[in-house]
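# Notes for the structure review
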Amino acid sequence: MNKVKRFSFIFLCILFFSCKSSQIEKKEVVEQKKQIETETQKETEKSTTIQKKQNNEITLLFGGDIMAHTVNYAITDYAKIWKDITPLLQSSDLAFANIEAPIDTTKKHSSWPNFNMTYNYVNASITAGFNVFSLCNNHTNDQGLTGIQETAKTTKALQTAAKNQNKDIYFSGIKNSPNDSFSYNLIEKNGWKILFLPITELLNRSNYSEYINFSKPTVEQRQKIIELCKELKAKTKCDLFIFSLHTAEPEYTRKVTDAQEEYYMNLLNAGVDIVWANHAHIIKDRKFIFDTKNQRHKMIMYANGNTISGQRTAPDFKSKNPIGERDNTGDGLLYQVIFSKEEKEGKTSITIKKATPHFITTYINTANEYVIKLLNKDFVDYLYDVPRTNWAEYIKRRIKINNRETKDLIVWQ
């Protein structure tokens, strides 16, 4: 083979293997591209599934009355009040509470009988995780018209401050003018539309009631509220309708009257999904209703007691069954409920996936500070270790009392 033929042969070999190598590389690139596209598609599908799951569920938490007596203001750092329950609050999408006082920052804080809270006291509960508040109760007009107007200003300031931290906070229960309709919130969260309407049936004084979501506890007025609920349900087309009621009932008793029970059930039949009642300052039962016709779980909380207060200043350590009026006011309930929704044949089915009661207590620590603690074995063990044996034994009894005296009822319709 001469030099020219040898060169041509070598060139063809190089060209052949070069082309072959190029084809292999192209094939590998194509296969890698397909693999990347497949993995990306899987991740997208996984993300979509997670998003659907998130939009399919919402976690709500319901507290009770946030109060502020003189002893509550004595603490130097309000964040300490909420420290132990902050993780629970922040694990919920929406956490509800009733603010049992005006928030007039032009005046000093004050206790019973004419309450007034400070900006920082309320803001500490927001920082902890509460984000939906009722402002209407029997103490709303304790500071007169200016107190109601200043409360409106303060809540707007709190909302602005929260917004700057990328948090949404909701208040309702008072009105800007006497001619306004009842105030309410329409909250959109995690693909859910939630209507929140708070009303009080009690005022300690009649002054300026027209500036408050106030309705007398008469048969006629309750029927008007039922009709209002029907209208709002049809108007808003919400997924969940939460009705907060500061109810006309005796304080410090767990009894539910027949009239109350009838009213609550009529509210559920009018389109309300959750009746969240308060005022008793102690914990009452809960009831779950499954509406088979409309495929919806509904519930009633008859009272969740005090979330924080200073009503129990002297716990009855000596009694083996401390169920006195003031002892009961020291405990509260944080009720966490996970709702799920599903589209079935053009209808939305709403079910309760999980409901968990978390009993809490207002504990007076060695610095005489009133702070919230979870009523559980861990807290009892801590008290024995400190040691504060009198408190440990007392809390053990309080756990038994709350488990014995309050319960969850299930009803099928």
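Cut-offs and rules
Residues numbered from 1 in each chain as written. Predicted model: local features only at pLDDT ≥ 70, side-chain atom pairs only at ≥ 80, totals over all residues. Heavy atoms only, no water. pLDDT = per-residue confidence, 0-100. Contact = heavy atoms within 4.5 Å. Salt bridge = Lys/Arg side-chain N within 4 Å of Asp/Glu carboxyl O. Helix = DSSP H or I, 4+ residues; strand = E, 2+ residues; numbered from the N terminus. Buried < 20%, exposed > 50% of the residue type's maximum accessible area, 1.4 Å probe, protein only. Phe/Tyr/Trp six-rings, centres within 6.5 Å; stacked < 30°, edge-to-face > 60°. Lys NZ or Arg CZ within 6 Å of the ring centre and 35° of its normal. Axes fitted to C-alpha atoms, helices over the stretch in contact; angles between N-to-C directions. Parallel < 35°, antiparallel > 145°, perpendicular 65-115°, else oblique. Left-handed = near helix turned anticlockwise from the far one by under 90°. Nonpolar A, V, L, I, M, F, W, Y, C, P; charged D, E, K, R; others polar. Core = buried A, V, L, I, M, F, W, Y, C linked by side-chain atoms within 4.5 Å. Expected span 1.5 Å × (residues − 1).

Confidence in the prediction of the protein, expressed as mean pLDDT, is 90, and 86% of residues score 70 or more. In this model residues 1–22 is a low-confidence stretch, pLDDT under 50, and it forms one contact with partners more than four residues away in sequence or in other chains. This model gives residues 43–53 a pLDDT under 50, and the stretch forms zero contacts once residues within four places in sequence are excluded.

Counted under the stated rule, the structure contains 21 salt bridges. We note a salt bridge from Lys287 to Glu261, for which the minimum N-O separation is 2.6 Å. Taken together, the residues Lys287 in strand E9 (residues 286–291) and Glu261 in helix H8 (residues 258–269) connect sequence positions 26 residues apart. Look at Lys287 and you get buried, because its relative accessible area is 13%. Linked through salt bridges whose partners overlap, the residues forming this network are Lys233, Asp273 and Arg296.

Considering the arrangement of structural elements, one finds Thr351 in strand E13 (residues 347–364). Classification of Thr351 as partly exposed rests on a relative accessible area of 25%. Expressed as a C-alpha distance, the spacing of Thr351 and His297, which sit 54 residues apart in the sequence, is 4.9 Å. If sequence neighbours within four positions are ignored, Thr351 has contacts with Phe290, His297, Ile338, Phe339 and Ser340.

The subject of this paragraph is the packing of aromatic side chains. The tally for this structure, following the rule as stated, stands at 19 aromatic pairs. With 6.3 Å between their ring centres and 40° between their planes, Phe196 and Trp276 make a pair best called tilted. Of the two residues, Phe196 sits in strand E6 (residues 192–200) while Trp276 sits in strand E8 (residues 274–278), which places them 80 residues apart along the sequence. Considered together, Phe196 and Trp276 belong to a single accessibility category, that of buried residues. Ring centres of Phe379 and Tyr382 lie 6.3 Å apart, and the angle between their planes is 15°; this geometry places the pair in the stacked category. Of this pair, Phe379 and Tyr382 both sit in helix H10 (residues 377–385), separated by three residues, roughly a single helical turn. Each residue in the set Phe317, Tyr363, Phe379, Tyr382, Trp391 and Tyr394 is aromatic and connected to the rest through ring pairs, giving one cluster. Seen from the ring of Trp192, Lys341 lies directly overhead, with NZ or CZ sitting 5.0 Å from the centre. Directly above the aromatic system of Tyr382 lies the positively charged group of Lys373, at a separation of 5.7 Å from the ring centroid.

Relative orientation of the contacting elements helix H5 (residues 119–128) and helix H6 (residues 144–163) amounts to 40°, with a least axis distance of 11 Å. With respect to H6, the element H5 is oriented oblique. For H5 against H6, the interelement crossing comes out right-handed. Side by side, H5 and H6 meet where Tyr119, Val122, Asn123 and Ile126 of the first sit next to Thr154, Ala157, Leu158 and Ala161 of the second. Each residue belonging to the contact of H5 with H6 can be placed in one class, and the counts come to six nonpolar, two polar and no charged.

So, about the nonpolar core. Among the nonpolar cores identified, the biggest contains 80 residues, and Leu60, Trp82, Phe130 and Phe339 are the most heavily contacted of them. Aside from chain neighbours lying at most four places away, what touches Trp82 is Ile66, Ala124, Ser125, Ala128, Phe130, Thr307, Ile308 and Ile372. Judged by nonpolar contacts, the second largest core, of 23 residues, contains Ile199, Phe241, Met265 and Ala277.

Moving on to the environment of Gly129. With respect to the helices and strands, the residue Gly129 is situated in the loop between H5 and strand E3 (132–134). Accessibility expressed as a relative area gives 13% for Gly129, which makes it buried. Residues Gly129 and Thr86, 43 residues apart in the sequence, show an inter-C-alpha distance of 6.3 Å.

Turning to the side chain of Thr154, a few remarks are in order. Considering the arrangement of structural elements, one finds Thr154 in helix H6. Leave out the neighbours within four places in its chain, and Thr154 touches Ile103, Thr105 and Tyr119.

Right, let's talk about H6 for a bit. The terminal C-alpha atoms of H6, which comprises 20 residues, lie 29 Å apart, in line with the 28 Å expected from a rise of 1.5 Å per residue. Taken together, the buried positions of H6 are Gly144, Gly147, Ile148, Glu150, Thr151, Ala152, Thr154, Thr155, Leu158 and Ala162. As for H6, its buried residues are in contact with H5 and strand E4 (170–172).

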